[in-house]
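Here is what each chain is made of, one letter per residue.
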Protein chains: 2
Amino acid sequence: MGNRTVYCGLVDKENLEQTVTLQGWVQKRRDLGGVIFIDLRDREGIVQVVFNPKNSQNAWETADTCRSEYVLEVTGIVKKRDEEAINPNMQTGEFEVMASDITVLNTSKTPPFSIEEDTKAGDEIRLKYRYLDLRRSNMTQNLMLRAKVTQTIRRYLDDHKFLDIETPFLGKSTPEGARDYLVPSRVHPGHFYALPQSPQIFKQLLMNAGFDRYYQIVRCFRDEDLRGDRQPEFTQVDIEASFLTPEDIQEYTEQMLAQVMKVARGIDIPLPFPKMTWDEAMNRFGSDKPDTRFAMELIDLSDVVKDVDFKVFQMALQNGGTVKALNAKGAADKYSRKDMDHLAQYASQFGAKGLAWLKVEEDGLKGPIAKFLTSVEDALIAKTNAEVGDLIMFGADSFEVVTATLGAVRTHLAKELDLIDSSKFNFLWVVDWPQFEYDKEEGRYVSAHHPFTMPKEEDIPYLQTDPAKVNAQAYDVVLNGYELGGGSLRIHTRELQEQVFRTLGFTQEKMNEQFDFLLEALDYGFPPHGGIALGLDRLVMLVAGEDNIREVMAFPKNGKAMDPMTHAPSTVSPLQLYELNIDVTDTEE
Amino acid sequence: MGNRTVYCGLVDKENLEQTVTLQGWVQKRRDLGGVIFIDLRDREGIVQVVFNPKNSQNAWETADTCRSEYVLEVTGIVKKRDEEAINPNMQTGEFEVMASDITVLNTSKTPPFSIEEDTKAGDEIRLKYRYLDLRRSNMTQNLMLRAKVTQTIRRYLDDHKFLDIETPFLGKSTPEGARDYLVPSRVHPGHFYALPQSPQIFKQLLMNAGFDRYYQIVRCFRDEDLRGDRQPEFTQVDIEASFLTPEDIQEYTEQMLAQVMKVARGIDIPLPFPKMTWDEAMNRFGSDKPDTRFAMELIDLSDVVKDVDFKVFQMALQNGGTVKALNAKGAADKYSRKDMDHLAQYASQFGAKGLAWLKVEEDGLKGPIAKFLTSVEDALIAKTNAEVGDLIMFGADSFEVVTATLGAVRTHLAKELDLIDSSKFNFLWVVDWPQFEYDKEEGRYVSAHHPFTMPKEEDIPYLQTDPAKVNAQAYDVVLNGYELGGGSLRIHTRELQEQVFRTLGFTQEKMNEQFDFLLEALDYGFPPHGGIALGLDRLVMLVAGEDNIREVMAFPKNGKAMDPMTHAPSTVSPLQLYELNIDVTDTEE
């Protein structure tokens with residue numbers, strides 16, 4: 001339907017000598033010796049259209065008036081270009097369309113930035129004119145890739161009997177988790193809906209309703225301070241199933257992601273994904289979402305250095321902490337003393353008080369702390385597999401600080417030393433998560449995932465006696481150092497759910513007030529169930545090879561949670577506030 | 001994956017003599033002569049499981065402890081039932097599973113209402129225990145049907161090169177249209193996001209970005225007073241395309257809906273859908289969304305009665321109004337004088353001052369106004385095709401009042417007289433809508449669809465001189481008297497868009513303040529484009545044969561926009577309000 005016979009970017013040898021009709025935007029117009037060449041662009045790509053006054057004087061005259069970003073409909077015959085005119089960098093570079101007819105469907109002012117893959121336009125102007133920014137081929141392709149990823153996920157889940165079921169956006173505010181976006185109720189003064197941070201409880205209730213397998217690709221909201229890969233709203237691939245084991249859910253997830261990689265990138269991902277416990281991930285990579293595309297693992301030296309006379313190490317070990325090292329192979333020459341000071345400063349963000357280091361030279365270990373380690377030099381060299389030219393860094397503190405610090409330094413150095421093969425897609429499961437983290441500020445345990453996560457059966461007795469010991473039937477899927485998603489089995493009995501709430505510091509009254517409906521639901525034949533939620537934006541970002549989720553969203557917010565195009569959020573009328581029974585206590589200019 | 005080998009409801013002859021493992025809920029348990037029969041239910045249906053102590057004493061003992069809604073895993077052999085035990089009303093009624101093993105996966109308290117297709121439970125209790133309500137087979141099937149409809153729509157659109165692109169939920173409040181739900185910004189005190197009433201402008205901007213074909217199945221929000229088929233949030237199938245004619249867009253929509261009917265109901269809908277202008281729909285059916293499953297059309301009598309000496313008719317005609325009639329064939333006997341009074345009362349809701357009527361008897365027209373019409377009796381009988389036993393009703397007033405009244409009476413009577421064949425699915429296009437409606441309260445023209453609708457080319461001159469004369473390139477798709485969706489071509493030049501805003505009473509300042517980004521976008525090669533938006537909830541409701549969209553939503557709100565299960569909306573903490581820089585001015589208990 002419509003007049004178009006082929007997309008500009010898809011003109012191919014099948015169209016040779018055929019009359020085609022194209023619709024698109026003027027990417028470029030050149031006049032070469034009285035012949036006009038227009039690169040015409042649509043979402044699929046660009047094709048060269050030739051206006052020769054000998055073919056059609058009318059068409060030539062119209063083409064002569066066209067400027068960048070005019071919208072044209074062009075009819076002509078597809079020809080093979082002369083050998084010397086072939087453009088091998090262009091999908092349609094072997095062809096050109098000899099135009100016989102042209103209609104200008106709309107004109108355009110000169111855009112504020114050029115519509116090219118590499119733009120120098122800043123983020124704000126790109127967002128303000130997002131409709132122009134999205135015309136750039138890489139952005140167009142990113143969103144088309146996103147549609148393909150979404151479609152692939154849906155088809156996989158449809159084909160495996162997962163039902164697409166919608167859950168409410170106007171929900172109830174709950175205190176566990178991040179800050180909610182609230183929506184004042186007009187009908188119920190002083191009452192508020194909350195936008196969902198995830199449909200977690202609703203999907204569990206759908207399992208209780210017997211739907212057996214559910215999925216939804218759904219918008220979620222968190223009113224948190226923004227970072228590079230965070231947005232106020234984000235999209236989640238939300239999956240839940242009854243009667244399955246964690247391994248079953250992982251297998252479905254793996255197959256689905258492998259299918260995405262196959263369709264979107266043509267890459268065969270080996271299955272199953274490697275699996276690593278949370279303990280192992282922290283010990284070897286200093287991260288619960290390790291990037292395994294490069295080695296440079298953390299090396300535990302607590303045994304090796306347990307008797308050396310270096311106060312920093314001794315203090316750490318005496319306080320129940322640990323001493324670990326990183327060996328940056330062959331990096332000694334690349335880091336001056338000053339560089340190491342900078343690196344120590346970077347490390348201090350993660351809680352480290354310093355970053356001790358050594359260089360391995362022909363005649364032994366050199367560096368500020370070398371003198372303390374002479375007694376264990378051989379053992380240390382053996383354990384770190386040190387060779388001449390290596391740079392060895394140490395972390396000595398609590399387990400949390402050492403792993404956080406060296407994990408961050410590891411990733412930082414990998415980028416600086418160019419250790420990462422960006423063509424790799426290293427998927428990984430991190431399993432056996434702790435059920436709780438201790439929150440020092442709040443002085444209580446909080447959920448590492450969420451309060452509905454099922455503890456490991458054998459750890460249930462520790463819920464009352466030693467919550468730190470409790471591991472969860474929880475699993476995260478990691479890709480190239482990013483958490484793609486997290487899942488778990490969920491609690492399906494009231495008794496256990498109430499025990500977990502108690503461990504989290506809930507009184508019976510508080511849990512009834514906030515979760516009465518869930519607790520009551522647990523009384524009525526709630527099936528064993530579990531699931532997973534994946535961040536779609538992040539998945540597409542990684543598949544697209546981008547480093548910010550904004551590049552794979554049509555209309556993201558800027559770093560201040562604003563849309564520079566529509567000016568949202570905005571002030572509203574006094575009548576709107578009056579109807580909602582709210583007053584504004586402070587107003588930004 | 002998982003232990004299940006077949007869903008309960010799908011046990012079939014292929015499973016005969018095989019060992020199967022089932023997982024599901026106890027629908028019913030009976031003990032007949034020491035043998036226990038359990039009807040086990042999952043989302044696909046029910047199968048009978050037999051526990052004979054002779055097969056397994058252990059399994060029998062466990063089965064004996066089971067009660068309604070217990071969750072079981074059962075293993076056994078599928079057998080053909082004895083001839084006399086076959087249940088023809090049950091999908092699996094020829095089979096039963098002789099159990100050898102059973103595990104109770106969870107127990108259940110007695111539900112507050114029974115899990116049966118016909119429940120006597122009221123709406124509130126059904127919503128409070130929605131997870132139980134959804135276990136009822138008709139509700140389970142409704143949501144499974146919805147998933148299938150959604151999937152069918154997506155596949156159709158995917159296959160026709162429409163791209164699934166997500167648009168923001170945190171948008172900008174605009175004054176045109178219904179009341180917005182607002183979301184206070186924490187980062188920008190005194191500023192608010194608005195939840196989308198539709199992604200209208202964003203999808204137009206996606207056309208400007210060159211995506212050519214877009215769709216999204218997307219939640220939308222309107223803070224309006226609730227009615228039977230309205231919810232605060234609803235789901236829209238949102239479609240937009242560039243370079244197509246209204247007929248192209250209609251054809252895609254028809255094919256998509258025909259595919260839905262085929263997949264969801266096995267029905268072949270004849271294509272193309274009939275088309276009717278808005279004028280014709282109003283004149284013949286008194287409705288812009290006519291139910292064409294029955295006739296009883298409105299009959300224009302203005303000519304016939306123009307000279308009769310009946311003041312009501314004369315007044316109507318003199319004021320530029322109209323006189324129309326309905327002929328309820330053979331209904332004279334069914335409506336007493338008192339019934340007609342009730343009907344007149346019903347009609348008065350729609351603005352009518354009364355509902356004049358006649359009955360056709362052997363010796364002529366009888367009834368309160370018969371005496372005024374003797375002079376035109378033959379003409380009237382001829383025009384209304386009146387026969388003995390018919391009941392004829394009259395509307396005489398402005399065109400708006402007459403059509404609204406008789407349109408409503410027509411539908412009302414059709415239900416009372418059982419004229420509607422509920423197996424019919426009558427799709428219909430209503431085209432050539434007026435561009436504007438005059439809003440007496442506001443004293444200005446408002447958009448019949450929305451301000452971005454393209455007027456008919458030939459009517460553009462009337463934008464300034466006589467807006468009432470302007471028709472739009474707009475089309476609604478109607479099914480069985482419900483508006484399924486509406487679409488139009490959109491304006492793609494700044495000049496025309498500004499002219500329409502001016503006709504709507506916008507000053508230049510106001511349009512710049514509210515729509516500067518759209519007007520600016522129109523400067524940069526905006527392609528000709530148009531689209532449609534369909535109400536998914538309503539479509540599924542009609543396909544499912546339900547009469548309220550709540551029956552096809554997993555977790556709807558009640559008539560007060562509340563969720564009786566989670567108690568949303570709720571009060572929130574003072575800290576939350578403080579962080580959002582708002583105060584509550586009134587609180588409901």
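Thresholds applied
Residues numbered from 1 in each chain as written. Chains lettered and ligands numbered in written order. Predicted model: local features only at pLDDT ≥ 70, side-chain atom pairs only at ≥ 80, totals over all residues. Heavy atoms only, no water. UniProt positions renumbered as here; feature names shortened; annotations may be inferred. Pairing = 2+ DSSP bridges. Helix = DSSP H or I, 4+ residues; strand = E, 2+ residues; numbered from the N terminus. Axes fitted to C-alpha atoms, helices over the stretch in contact; angles between N-to-C directions. Contact = heavy atoms within 4.5 Å. Buried < 20%, exposed > 50% of the residue type's maximum accessible area, 1.4 Å probe, protein only. Polar contact = N/O pair within 3.5 Å; in protein donor to acceptor, adjacent residues only side chain to side chain. pLDDT = per-residue confidence, 0-100. Core = buried A, V, L, I, M, F, W, Y, C linked by side-chain atoms within 4.5 Å. Parallel < 35°, antiparallel > 145°, perpendicular 65-115°, else oblique. Left-handed = near helix turned anticlockwise from the far one by under 90°. Nonpolar A, V, L, I, M, F, W, Y, C, P; charged D, E, K, R; others polar. Phe/Tyr/Trp six-rings, centres within 6.5 Å; stacked < 30°, edge-to-face > 60°. Least-squares fit on C-alpha atoms with pLDDT ≥ 70 in both. Lys, Arg positive; Asp, Glu negative; His and termini not counted. Salt bridge = Lys/Arg side-chain N within 4 Å of Asp/Glu carboxyl O.

Within an unreviewed UniProt entry, the label attached to chain A reads Aspartate--tRNA ligase, and the organism entered is Tetragenococcus osmophilus. Chain A has a UniProt comment under Catalytic activity (unreviewed entry) that states "tRNA(Asp) + L-aspartate + ATP = L-aspartyl-tRNA(Asp) + AMP + diphosphate".

Trainee: Hey, could you go over the sheet that holds strand E1 (residues 19-32) of chain A for me, with residue numbers and the actual values?
Mentor: Residue and element names in this part refer to chain A. Pairing in this closed barrel of five strands is mixed, and the strands run E1-E2-E3-E5-E4 around the ring. The sheet shows a mean angle of 55° between the axes of neighbouring strands, direction not considered. For strand E3 (residues 45-51) and strand E5 (residues 95-106), the ladder comprises two bridges, and the chain directions are parallel. Each bridged residue has a counterpart across the sheet, and for Val49 the counterpart in E5 is Val97. Across the sheet, helix H1 (residues 57-65) is in contact with E1, strand E2 (35-42), E3 and E5; its angle to E5 comes to roughly 65°.

Trainee: I'd like to hear about the UniProt feature "binding site: L-aspartate" (unreviewed entry) in chain A, residue by residue, with values.
Mentor: All names here are of chain A. The residues that UniProt annotates with the feature "binding site: L-aspartate" (unreviewed entry) are Glu176, Arg222, His449 and Arg490. Mapped onto the fold, Glu176 is located in the loop between strand E6 (163-164) and strand E7 (182-184). Judged by its relative accessible area of 15%, Glu176 falls in the buried class. Apart from the residues within four sequence positions on either side, Glu176 is in contact with Arg444, Pro451, Leu504 and Phe506. When you line up the elements, His449 lands in the loop between strand E19 (444-447) and helix H12 (462-465). When residues no more than four places from it in sequence are discounted, the contact partners of His449 are Trp433, Ala474 and Asp476. Within the local environment of His449, its side chain forms a polar contact with the side chain of Asp476, the two groups lying 2.8 Å apart.

Trainee: Residues and numbers for the confidence of the model for chain A, please.
Mentor: When pLDDT is averaged across chain A, the result is 95; 100% of the residues are at 70 or more. Predicted complex metrics record ipTM = 0.96 and pTM = 0.96.

Trainee: Outline the nonpolar core, listing residues and values.
Mentor: If you look at the biggest cluster of nonpolar residues, it comprises 87 residues, and the most contacted ones within it are A:Tyr131, B:Val149, B:Ile153, B:Leu157, B:Leu205, B:Val237 and B:Phe427. The leading source of residues in this core is helix H6 (residues 246-265) of chain B, at eight residues. Ignoring sequence-local partners within four residues, the contact set of B:Ile153 consists of B:Ile217, B:Val237, B:Met256, B:Val260, B:Leu536 and B:Leu539.

Trainee: How would you summarise unusual backbone geometry if you had to cite specific residues and measurements?
Mentor: Residue and element names in this part refer to chain A. A cis geometry characterises the amide bond from Leu271 onward to Pro272, with omega recorded as -5°. With respect to the helices and strands, the residue Pro272 is situated in the loop between helix H6 (246-265) and strand E11 (275-277). If you check the backbone angles, Asp418 has positive phi at about 60° while not being a glycine. Since its relative accessible area comes to 64%, Asp418 is described here as exposed. One non-glycine residue, Ala561, lies in positive phi territory at about 60°. Within the secondary structure, Ala561 sits in the loop between helix H15 (536-544) and helix H16 (574-579).

Trainee: Explain the sheet that holds strand E15 (residues 364-366) of chain B to me, and be specific about the residues and the numbers.
Mentor: Residue and element names in this part refer to chain B. Strand order in the open sheet made by the five strands is E12-E13-E16-E14-E15, with antiparallel pairing throughout. The open sheet terminates on both sides in strands that have one partner only, identified here as strand E12 (299-300) and E15. Of the pairings in the sheet, the one linking strand E14 (residues 356-361) to strand E16 (residues 391-397) comprises four bridges and is antiparallel in character. Bridge pairing in E16 links Leu358 to Ile392. Lying on the sheet, helix H8 (residues 311-318) is in contact with strand E13 (322-328) and E16; it crosses E16 at an angle near 45°. Against the sheet, helix H11 (residues 399-416) makes contact with E13 and E16, and its axis sits at roughly 5° relative to E13, the strand it touches most.

Trainee: Explain the packing of helix H9 (residues 337-348) of chain B against H11(B) to me, and be specific about the residues and the numbers.
Mentor: Residue and element names in this part refer to chain B. Where H9 contacts H11, the two axes come as close as 9 Å, and the packing angle between them is 130°. The pairing of H9 with H11 is recorded here as oblique in orientation. In the packing of H9 onto H11, the handedness of the crossing is right-handed. Counting all contacts with H9, which are made through Leu343, Tyr346 and Ala347, the residues of H11 involved are Thr405, Ala408, Val409, His412 and Leu413. A class-by-class count of the residues in the contact of H9 with H11 yields six nonpolar, two polar and no charged.

Trainee: Any details on the packing of aromatic side chains? Residues and values, ideally.
Mentor: A complete count under the given rule lists 47 aromatic pairs over all chains for this structure. Consider the rings of A:Phe221 and B:Phe169, whose centres lie 5.9 Å apart with planes at 75°: the pair is edge-to-face. Highlighted residues: A:Phe221 in strand E9 (residues 213-221) and B:Phe169 in the loop between strand E6 (163-164) and strand E7 (182-184), drawn from two different chains. Across the pair, exposure class does not vary: A:Phe221 and B:Phe169 are buried alike. Plain terms: the ring middles of B:Tyr129 and B:Tyr131 are 6.3 Å apart, the flat faces sit at 80° to each other, and that makes the pair edge-to-face.

Trainee: Any details on the pairing of strand E10 (residues 233-242) of chain B? Residues and values, ideally.
Mentor: Residues and elements named next belong to chain B. The element E10 is extensively covered by neighbouring structure, given that 10 of its 10 residues are classed as buried. The alternating pattern of E10 places Glu233, Thr235, Val237, Ile239 and Ala241 and Phe234, Gln236, Asp238, Glu240 and Ser242 on opposite faces, both of which are buried. Bridge count between strand E9 (residues 213-221) and E10: nine bridges; the pairing is antiparallel. If you follow Gln216 over to E10, its bridge partner there is Asp238. As defined by bridge partners, E10 adjoins strand E22 (residues 529-535) across seven bridges and the pair is classed as antiparallel. Bridge pairing in E22 places Ala241 opposite Gly530.

Trainee: Tell me about the relation of the copies chain A and chain B, and name the residues and values.
Mentor: One copy of the chain maps onto the other through a rotation about an axis followed by a shift along the same axis. If you rotate chain A by 180° and push it 0.0 Å along the axis, it lands on chain B with an RMSD of 0.0 Å. Taken together, these values place the two copies in the relation of a two-fold axis. Here 100% of the interface residues in chain A have copies in chain B that are interface residues too; the copies meet face to matching face.

Trainee: Residues and numbers for the side chain of A:Arg81, please.
Mentor: Residue and element names in this part refer to chain A. The residue Arg81 is located in the loop between strand E4 (71-80) and E5 in this model. Buried and without a salt bridge, Arg81 has Glu96 as its closest oppositely charged side chain, separated by 4.3 Å. Within polar-contact distance, the side chain of Arg81 engages the backbone oxygen of Ala85 at 2.9 Å. Beyond its immediate stretch of four places on either side in the chain, Arg81 contacts Gln48, Ile86, Asn87, Met90, Thr92, Gly93, Glu94, Phe95 and Glu96.

Trainee: Outline the packing of helix H7 (residues 278-285) of chain A against helix H11 (residues 399-416) of chain A, listing residues and values.
Mentor: All names here are of chain A. At their nearest, the axes of H7 and H11 sit 8 Å apart, and the two run at 60° to each other. Considered as vectors, H7 and H11 are oriented oblique to each other. Of the residues in H11, those in contact with Met282, Asn283 and Phe285 of H7 are Phe399, Thr403, Gly407 and Arg410. Taken together, the residues that form the contact of H7 with H11 break down as three nonpolar, three polar and one charged.

Trainee: Tell me about the pattern of salt bridges, and name the residues and values.
Mentor: Counted according to the given criterion, the structure contains 90 salt bridges over all chains. Two residues, A:Glu94 and A:Lys80, come together in a salt bridge whose shortest N-O distance is 2.7 Å. Of this pair, A:Glu94 sits in the loop between E4 and E5 while A:Lys80 sits in strand E4, placing them 14 residues apart in sequence. Assessed through its relative accessible area of 38%, A:Glu94 is described here as partly exposed. Residue classification places A:Lys80 among the partly exposed positions, given a relative accessible area of 42%. Among the ionic pairs, B:Glu240 bridges to B:Lys203, the shortest N-O distance being 3.3 Å. One end of the pair, B:Glu240, is in strand E10; the other, B:Lys203, is in helix H5 (residues 200-208), with 37 residues separating them in the sequence. Across this residue pair, the class does not change: B:Glu240 and B:Lys203 are buried. A cluster of three or more residues bridged by salt bridges with shared partners is formed by A:Asp123, A:Arg126, A:Arg130, A:Asp133, A:Arg136, A:Arg550 and A:Glu551.

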